[in-house]
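What follows is the residue order along each chain.
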Amino acid sequence: MATIVLGVIGSDAHVVGITILEHALEDAGFDVHNLGVQTSQSEFVDAAAEHDADAVLVSSLYGHAQQDCEGFHDELAAAGLDPVTYVGGNLSVGQEEFETVRQRFRAMGFDRVFEPGTQPEVAITTLHEDLEETASVPEHVVVEQ
Amino acid sequence: MATIVLGVIGSDAHVVGITILEHALEDAGFDVHNLGVQTSQSEFVDAAAEHDADAVLVSSLYGHAQQDCEGFHDELAAAGLDPVTYVGGNLSVGQEEFETVRQRFRAMGFDRVFEPGTQPEVAITTLHEDLEETASVPEHVVVEQ
Amino acid sequence: MSSSNSNPSIRDERLSDERLVELQESVRSNWKTGAAVDFEDAIAFHESLPEHKRFARVLESASSPLLQPRAGVPTLEKQIDLLRSLHEDGGAELLPTTIDSYTRDNEYEKAQTGLEETRSTGTNELNGFPAVNHGVEGCRELIDDVDAPIEVRHGTPDARLLASITFAGGFQSFEGGPISYNIPYTSGYTLEETIEHWQFVDRLAGAYTERGVTINREPFGPLTGTLVPPSIAITVMLVEGLLAATQGVRSITLGYGQLGNLVQDVAALRALRSLGEEYLPDDVTVTTVFHEWMGGFPPDESRAYGVITLGGATAAIAEPDKVITKSPQEFKGVPTCEANVAGIRATRQMMEMVHEQSLVLDGVDDEQGLIERSTHALMDAILDLGDGDVARGTVRAFDTGALDVPFPSSECAAGDVLPARDDDGRVRLLKFGDLAIDADSKEVHDARLDERAQTEGRDPSFRLVADDVDAITDGRLIGRPEGGEGDAN
Amino acid sequence: MSSSNSNPSIRDERLSDERLVELQESVRSNWKTGAAVDFEDAIAFHESLPEHKRFARVLESASSPLLQPRAGVPTLEKQIDLLRSLHEDGGAELLPTTIDSYTRDNEYEKAQTGLEETRSTGTNELNGFPAVNHGVEGCRELIDDVDAPIEVRHGTPDARLLASITFAGGFQSFEGGPISYNIPYTSGYTLEETIEHWQFVDRLAGAYTERGVTINREPFGPLTGTLVPPSIAITVMLVEGLLAATQGVRSITLGYGQLGNLVQDVAALRALRSLGEEYLPDDVTVTTVFHEWMGGFPPDESRAYGVITLGGATAAIAEPDKVITKSPQEFKGVPTCEANVAGIRATRQMMEMVHEQSLVLDGVDDEQGLIERSTHALMDAILDLGDGDVARGTVRAFDTGALDVPFPSSECAAGDVLPARDDDGRVRLLKFGDLAIDADSKEVHDARLDERAQTEGRDPSFRLVADDVDAITDGRLIGRPEGGEGDAN
Ligand code: B12
Ligand code: B12
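I will try to describe carefully the structure that is included in this document. (Residues numbered from 1 in each chain as written. Chains lettered and ligands numbered in written order. Predicted model: local features only at pLDDT ≥ 70, side-chain atom pairs only at ≥ 80, totals over all residues. Heavy atoms only, no water.)

1. Focus: the interface of chain B and chain C
When the parts of a complex come together, some accessible area is lost, and that lost area is often taken as the interface size.
Here is step 1: Opposite the 22 residues of chain B that make contact, chain C presents 28 residues.
Here is step 2: Interface area, chain B with chain C, both sides summed: about 2,100 Å², of which 52% is carbon and sulfur.
Here is step 3: Counting across the interface, chain B meets chain C through 0 salt bridges.
Here is step 4: Taken together, the connections running from chain B to chain C amount to 11 residue pairs in polar contact (both at pLDDT 80 or more).
Here is step 5: Counting only elements with at least two residues in the side of chain B that touches chain C, the list comes to helix 1 (16-27) and helix 3 (65-69) of chain B.
Here is step 6: Of the residues forming the side of chain B that touches chain C, the biggest block, 4 residues, is contributed by helix 1 of chain B.
Here is step 7: Taken together, the residues of the side of chain B that touches chain C sort by class into 8 nonpolar, 11 polar and 3 charged. (Contact = heavy atoms within 4.5 Å. Buried area = accessible area lost by both parts, 1.4 Å probe. Salt bridge = Lys/Arg side-chain N within 4 Å of Asp/Glu carboxyl O. Polar contact = N/O pair within 3.5 Å; in protein donor to acceptor, adjacent residues only side chain to side chain. Helix = DSSP H or I, 4+ residues; strand = E, 2+ residues; numbered from the N terminus. Nonpolar A, V, L, I, M, F, W, Y, C, P; charged D, E, K, R; others polar.)

This is the structure in structure tokens:
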């Protein structure tokens, strides 16, 4: 079964969402490594390398996601890693339109960008989809969740 | 003391507002003739003539004020009357900007146009102002209430 | 003084089949669309409707209160869109079609002009849906295109043609009644006239009911929406329920409008249900509807939500069968669809959260007892005055002031009763006029209002009533004088 | 497992004058604006403030609950505008200044970058007001330009520099505490560390207080905001209150976050007040604050109003001294000023309407008894474990799990307790871990959750907890499985 690294990036301490995600992903059969809150980019990269993660799920609620995620994909690449990457939560400060936010994080390299309140089931479905063939970035995904 | 004719025009039956207005105007010393709800234009004109009204206050809540007031000032003129005329209440259907509504009723000949929720005190103050000199339409009024 | 004579010829008797047919013929000629009304064809149309569009069935089988907004726009297309959105986005289980004011006045010509102007200008020139002008076909299109039961809500003193067309058009619920759509809604009809008109409407509903097509009837509980004491409102509901039952109506929804005091509102809704069961015949299914605050609203949407959600909380505790929601734009004008949806959703959130909790409030039983005692006194007076006939008794009761309503638009009611809130915010009577409630109940009202007068250090007067009328608009429940709140709470 | 050792050196003892000065010196060097901190100058500034800007005075002398929103934007100009509008348009009697996340992490460099970027781009690049970067002068400008008392609200585990600068800058109220700003807000500190940091903050507040400038301190009651049972939250409040009192704080506002069940919330607020009076020294003025729902909100504004106004109704019944309001945009992100104003106004409307009514709810006393018994058990355990020292006892209690918090961010808490709602929507514990509450209380929790399990026909599991966490977001109070609501209500 696919291996997943999960955590809350930066100095964000919102723990409830990833706790729920962790349980749901485990129930769905994934091998989950939950790094907890206030996880740095390098902690994510190290864990992804250590566990040979198929997917890295980054959560951010507090509004500083953009600053915290800057350069994340370069770090992954530098470590020779190319997992599927998701980011979700409340990704910007304020009441910005989600579509704008999504574009921004897509441009930063995330394969999928999830809006506030995304149910674990949605993450599970798309993980199954994205990890079905190989663990590489699926080019065919058109419908974003 | 000035004489006032008051009523709800058209087929509007909202009676609470004018009941409160009537009491307040009487307490303020005006000679008030309350025609009640569902008063036609000609009932207004007849009462204004009969009581030699200094001011005619038209109330309309239900949204059909414009249709109901169409040609009202012509009727008054035809009867040789030129009282101060006020209109107030919820003057249009829906959530239109009040300023637009005011312009429309000013153009129809009303001296003052009052927004929803106008307190009786405001009506009393402006009546004192407008009826101070003569009972004719005051040209000097700039600040609308 | 009332304009009706005190020896009314009206009787609470079932109209004969012949009379029904005769009246139907004459009524349908009032506007050209009347010609399309055909009873057998209508029965067939109703029978073709799926279960989930049968109003009485959906309402009577619900396990928790259903939500219904008010909404009506002039054109058919927009009305369909509006109702779909209220159902799908708002989650309203029951839908309305609110009729425009010209139709309520039977001014079909003017309604036609408004409808045509709306079609050409694109802005709504009517404050509701002119169902008569849309005719039987238009109504059926609406019923077909919207996936929930729809009620006709209006305010029409003479709704005979409207009923004929909308029943034939597939609507299975019809608001109003001879008192509740007279006194708050018009100044042009005597009670005898409106009772006669509504006997036809009820008889027609009864005729459908006999054929297995239950038409739900809903007397309008809030009356003038302005501080109407529960016993008065409930008495009117019972009278209209009785009159409807006589004509064969078997599904009756009695209404009551939020006053804002939780204990009083819960007590009133319970009294409404129990008195409804007591007075109405056994073969009538009685349901209840709670209207969110019907008086003047706060001007801003945020504060309006406070009023609306207090209604939701009340409904969650009292559990009526249906709740009519208000929108946060109530103060200003006919709400947008979005605002209407918002009103439903805010209500629902509050209701769902409170409904799970078993909340027992002190004092509900006492207040319910008071309401029931006063209502019994009023009903006794009506039946006495009518020598047992509720129709005649009602006319006489209004004539003599034995039954009265605060702030009536119509001269049928004396309008000598004046309501005011007590120190706890419950609506009492400051002036009784000739209202036939019992002496014990009067004592309670007097005592409670004395308490308030003392708290505020002012004599009860019309000023106090006016302050109470404005209170919720001003962000409060009780119209206390500035700085004179006292410390009685 | 906790990372702190179980033989802590920390003691609940007043820091000496010398230690205070010494610490102040070292702390102020952490960022350049620290240099401007001067105690005597600060006292003079506070003394120049008018009465109506003195936080403790305004709060403690209020006759009904005061409203305070949360709000902070990066630049001084915009923060001034924002607070003025919340005060004038919203009618908030008490104002906040919410600090950004970088400052909470003592990352003043990053906060500076965010502030400068905000100034150049015009869009807010920080989620709050970086008070340290604005420095003493900036803070004083804010205090001068806004006409109501302002509190610093943050979430900073090491708030020593923030306190030094904001106290000197004229703020007279400061949220947080060693547990409440550790466990929900960070994973980087042991409790010993945060207790030490907050001893300095409290000692500094005490130093101002001794000079006649009362600094109000407010432990953060909601903790993780997620189904925290009242006894746990209240215990943390008492501990932080005791620790603050030792350092000379004389104005303490204990907090509690809405859980959504009216009876439980009213009982908890009453227990909070009475236990506060019981445990805190007599020379401390205890006030209480109620936070509107701190967990996940419904996504749409209309339903959010339902949650917010239920908080308003609760506050009107329980009458805390202060209410922290939420905005209808809570779900999505930092709210606009208008949304914040709307939250205050909706709350006020509900509160004013309900406040006039004397509402007595069944079961409040029993629930309050349960909360007090459990809290006593927890406090006893803490004092036992600390051999009478509350600081040491707290560290040991968290180490052993005798005190625990659901969903902690920090490893200082075991996180072995799992909350769930009972059939009535009250928050109980499904898993106690090693929590030191008494056996009687545990029995109540077990029995109530068994009831629910039966109603729903499912075994209690993490799934049930997750459903409860989502319930309010989903428009309900209890996370019932689809179609399994039972009929227990
Ligand atoms: C509870 C809460 C808190 C608690 C957190 C307790 C804790 N330790 O977890 C407390 C009170 C401590 C807190 C603090 C703060 N908070 Co807060 N908080 C919330 C709140 C109300 C609920 C969050 C929550 O627990 N939701 C329930 C869980 C189950 O849902 P979730 O987190 O959204 O996660 C689900 C999905 O989103 C999804 N998901 C999440 N991440 C990911 C990632 C991927 C890849 C995928 C697929 C899915 C996914 O799966 C989860 C399970 O369903 C939200 C607002 C809201 N949503 O209503 C604000 C909110 C997130 N907080 C906010 C802020 C600003 C803060 C503070 C900075 C300031 C403050 N107010 O004190 C601090 C930050 C502290 C810090 N260092 O992080 C803002 C963020 C603003 C923004 N982005 O513009 C919000 C939106 C509130 C607001 N409107 O201002 N907060
Ligand atoms: C109570 C009420 C009713 C009651 C009326 C009972 C009665 N007989 O009076 C009932 C339930 C019967 C009713 C019926 C209808 N109503 Co109605 N009603 C209201 C409501 C909630 C309050 C009105 C009120 O009494 N306010 C309290 C009094 C004291 O305030 P007031 O009337 O505004 O008057 C004060 C001031 O405005 C001012 N004033 C008024 N007129 C004038 C004139 C002048 C010259 C001056 C100086 C001042 C002034 O002085 C008064 C004293 O302070 C309003 C919405 C609201 N405001 O919250 C809707 C409202 C007025 N109704 C409305 C509608 C559409 C109707 C109906 C057509 C449809 C329906 N829903 O059934 C029918 C119409 C029936 C008819 N033939 O007229 C709409 C009007 C929409 C629009 N304009 O776009 C409103 C705004 C509701 C809404 N948002 O949809 N209604």
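2. Observations concerning the coordination of the cobalt atom of ligand 1
Here is step 1: Exactly one protein atom donates to the cobalt atom of ligand 1; that atom is His14(A) (NE2), 2.2 Å from the metal.
Here is step 2: Structurally, the position occupied by His14(A) is in the loop between strand 1 (3-8) and helix 1 (16-27). (Donors = N, O, S within 2.8 Å, 3.2 Å for Na, K, Ca; no water.)

3. So, the interface of chain C and chain D
Here is step 1: On the side of chain D, 39 residues touch chain C, which itself brings 39 residues to the contact.
Here is step 2: Approximately 3,600 Å² of surface area, both sides summed, lies buried where chain C meets chain D, with 55% of it carried by carbon and sulfur atoms.
Here is step 3: Contact with chain D buries surface across chain C, with Gln349(C), Met353(C) and Glu356(C) losing the most and accounting together for 21% of the total.
Here is step 4: Joining chain C to chain D, the criterion identifies 4 salt bridges.
Here is step 5: If you look at where chain C meets chain D, you find 17 residue pairs in polar contact (both at pLDDT 80 or more).
Here is step 6: Among the elements of the structure, helix 11 (262-279), helix 12 (301-318) and helix 13 (337-355) of chain C are those that each provide at least two residues to the side of chain C that touches chain D.
Here is step 7: The element best represented in the side of chain C that touches chain D is helix 13 of chain C, accounting for 9 residues.
Here is step 8: For the side of chain C that touches chain D, the per-class residue count stands at 17 nonpolar, 11 polar and 11 charged.

4. So, the site of ligand 1
Here is step 1: Taken together, 47 residues are adjacent to ligand 1, and Ala13(A), His14(A), Glu330(D), Gly333(D) and Ser409(D) come closest.
Here is step 2: More than one chain approaches ligand 1, the contributing ones being chains A and D.
Here is step 3: Measuring from an oxygen atom of ligand 1, one finds a backbone N or O atom of Gly117(A) at 3.4 Å.
Here is step 4: Contacts to ligand 1 include Arg104(D), whose side-chain N or O atom sits 3.1 Å from an oxygen atom.
Here is step 5: Of all elements in the fold, only helix 1, strand 3 (55-60), strand 4 (84-89) and helix 6 (120-131) of chain A together with helix 5 (101-104) of chain D reach the threshold of two or more residues within the shell around ligand 1.
Here is step 6: For the shell around ligand 1, the leading source of residues is strand 4 of chain A, giving 4 residues. (Near = heavy atom within 4 Å.)

5. Overview of the pairing of strand 10 (residues 427-431) of chain D
All names here are of chain D.
Here is step 1: Summarising burial for strand 10: 4 of the 5 residues are buried, a large majority.
Here is step 2: Examined bridge by bridge, strand 9 (residues 418-421) and strand 10 share 4 bridges and lie antiparallel to one another. Each residue of the ladder has a partner; that of Leu-418, found in strand 10, is Lys-431.
Here is step 3: Between strand 9 and strand 10, which pair antiparallel one after the other, the connecting turn spans 5 residues, and Gly-425 there sits at a positive phi close to 90°. (Buried < 20%, exposed > 50% of the residue type's maximum accessible area, 1.4 Å probe, protein only. Pairing = 2+ DSSP bridges.)

6. What to know about the relation of the copies chain C and chain D
Here is step 1: Each copy superposes on the other: chain C lies on chain D with an RMSD of 0.0 Å after a rotation of 180° and an axial shift of 0.0 Å. Those values place the two copies in the arrangement expected of a two-fold rotation axis. Taking C-alpha positions as reference, the residue of chain C nearest the rotation axis is Leu361(C), located at 2.5 Å.
Here is step 2: Same-surface contact between copies: 100% of interface residues of chain C are shared with the interface of chain D. (Least-squares fit on C-alpha atoms with pLDDT ≥ 70 in both.)

7. A closer look at the packing of aromatic side chains
Describing an aromatic ring pair means giving the distance of the ring centres and the angle of the ring planes.
Here is step 1: Applying the stated rule across the entire model yields 29 aromatic pairs over all chains.
Here is step 2: On the basis of an interplanar angle of 55° and a centroid distance of 5.0 Å, the ring pair of Tyr86(A) and Phe114(A) is categorised as tilted. Here Tyr86(A) is found in strand 4, whereas its partner Phe114(A) is found in strand 5 (residues 112-114), with 28 residues between them in sequence. Each of the two residues, Tyr86(A) as well as Phe114(A), counts as buried.
Here is step 3: Between the aromatic rings of Tyr256(D) and Phe290(D), the centroid separation amounts to 6.3 Å while the plane-to-plane angle is 25°, which identifies the pairing as stacked. On the criterion of sequence distance, the pair formed by Tyr256(D) in strand 6 (residues 251-257) and Phe290(D) in strand 7 (residues 285-291) is long-range, its members being 34 residues apart. Exposure class is identical for Tyr256(D) and Phe290(D). Each is buried.
Here is step 4: Ring-pair connections join several aromatic residues into one group, and the members of that group are Phe39(C), Phe167(C), Phe174(C), Tyr181(C), Tyr185(C), Trp198(C), Tyr208(C) and Phe220(C). (Phe/Tyr/Trp six-rings, centres within 6.5 Å; stacked < 30°, edge-to-face > 60°.)

8. Focus: the sheet that holds strand 4 (residues 173-175) of chain D
Residues and elements named next belong to chain D.
Here is step 1: Read across the sheet, 8 strands follow the order 1-8-7-6-5-4-3-2 without closing on themselves; strand pairing throughout is parallel. Where the open sheet ends on each side, the last strands, each with one partner, are strand 1 (66-68) and strand 2 (95-98). Shown here is a sheet whose adjacent strand axes are inclined to one another by a mean of 25°, direction ignored.
Here is step 2: Both strand 4 and strand 5 (residues 216-218) contribute to a ladder of 3 bridges, which runs parallel. Bridge pairing in strand 5 places Ser-173 opposite Asn-216.
Here is step 3: Contacts from helix 9 (residues 191-210) reach strand 4 and strand 5 within the one sheet, and its direction differs from that of strand 5 by about 150°. (Axes fitted to C-alpha atoms, helices over the stretch in contact; angles between N-to-C directions.)

9. Section: the arrangement of the chains
Here is step 1: Sorting the 3 pairs of chains in contact by contact count puts chains C and D at the top.
Here is step 2: One thing to see here is that chain A and chain B don't touch, and their nearest C-alpha atoms sit 25 Å from each other.
Here is step 3: If you take every C-alpha in chain B and every C-alpha in chain D, the smallest gap between them is 17 Å, and the two do not touch.

10. Topic: the packing of helix 7 (residues 131-145) of chain D against helix 8 (residues 160-168) of chain D
All names here are of chain D.
Here is step 1: It is at 8 Å that the axes of helix 7 and helix 8 come closest, and there the two elements cross at 15°. Here helix 7 lies roughly parallel to helix 8, going by the angle between them. In this structure, helix 7 meets helix 8 at a crossing whose hand is left-handed. In contact with Ala-131, Val-132, Gly-135, Val-136, Cys-139 and Arg-140 of helix 7, helix 8 contributes Leu-161, Leu-162, Ile-165, Thr-166 and Ala-168.
Here is step 2: Classifying every residue of the contact of helix 7 with helix 8 gives 8 nonpolar, 2 polar and 1 charged. (Parallel < 35°, antiparallel > 145°, perpendicular 65-115°, else oblique. Left-handed = near helix turned anticlockwise from the far one by under 90°.)

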